[in-house]
Amino acid sequence: MPGLPTEYLILRNVIQSILDRKNELERPVLANVDMAFIVTSTKKPNLDLTLLDKLISVVTYNDIEPVICFTKLDLLNDVEKENIDNLKKYYEMIGINCVYNTDTAEIKRLLDNNIVVLAGQTGAGKSSLLNMLDE
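So, a few notes on the structure that sits alongside this text.

Definitions and limits used
Residues numbered from 1 in each chain as written. Predicted model: local features only at pLDDT ≥ 70, side-chain atom pairs only at ≥ 80, totals over all residues. Heavy atoms only, no water. Helix = DSSP H or I, 4+ residues; strand = E, 2+ residues; numbered from the N terminus. Expected span 1.5 Å × (residues − 1). Buried < 20%, exposed > 50% of the residue type's maximum accessible area, 1.4 Å probe, protein only. Arc of directions from axis to C-beta. Contact = heavy atoms within 4.5 Å. Polar contact = N/O pair within 3.5 Å; in protein donor to acceptor, adjacent residues only side chain to side chain. Core = buried A, V, L, I, M, F, W, Y, C linked by side-chain atoms within 4.5 Å. Pairing = 2+ DSSP bridges.

### A closer look at helix α3 (residues 78-93)
- With 16 residues, α3 extends 22 Å from end C-alpha to end C-alpha; this agrees with the ideal 22 Å at 1.5 Å per step.
- Buried within α3 we find Ile84, Leu87, Lys88 and Tyr91. Each buried residue of α3 sits inside an arc of 105° when the element is viewed along its axis, so together they form one side. Turned more than 90 degrees off the buried face of α3, the exposed positions are Asp78, Val79, Glu82, Lys89 and Met93.
- Of the surrounding elements, those touching the buried residues of α3 are α2 (49-61), β4 (65-71) and β5 (97-100).
- Two to three positions downstream of the cap, the backbone nitrogen of Val79 sits 3.0 Å from a side-chain oxygen, assigning the N-cap of α3 to Asn77.
- Two residues or fewer past α3, Gly95 is found with a positive phi of approximately 95°.

### Overview of the nonpolar core
- Within the largest apolar cluster, 19 residues are counted, with the highest numbers of intra-cluster contacts made by Leu52, Ile56, Ile64, Ile68, Phe70, Ile84 and Tyr91.
- Where this core is concerned, the elements lending two or more residues are β3 (35-41), α2, β4, α3 and β5.
- Dropping the residues within four chain positions of it, Ile84 is found in contact with Thr42, Leu47, Phe70, Leu73, Leu76 and Tyr100.
- Grouped together as the second largest cluster of nonpolar side chains are eleven residues, Val67, Val99, Leu129 and Leu133 included.

### A look at the pairing of strand β6 (residues 116-119)
- Residue alternation in β6 divides its side chains into a buried set, Val117 and Ala119, and an unburied set, Val116 and Leu118.
- Sheet topology places β3 next to β6; four bridges connect them, and they run parallel. Bridge assignment links Ile38 to a residue of β6, and that residue is Ala119.

Okay, here's the thing in structure tokens:
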């Protein structure tokens, strides 16, 4: 269309209706999420179980399914790895899905057809996880 700036010509998506919210979070502000991947580092930064449990509580309270994703397992010695394996078993026993960031097929299966948010402390591996899944 002559006379219109280019940015007006490439708009294709238009809000057609506003649906009811099934859930929401205040920080960050978002709504209608199916699942929260709580990305938690096992080392550098060290595992913070208080933060992990707080994040699980917040997302569960808001009707969002939590999934714990443990990262940086390659930095652990055998005893530390066994402790993380036991922790993973504990969370699974109480009904929370857990994955290691190396379980790409399982992570992709969980993500399939879901609206997912990533949560976790700085340096836990959220960006690395996204980059790995993008390959």
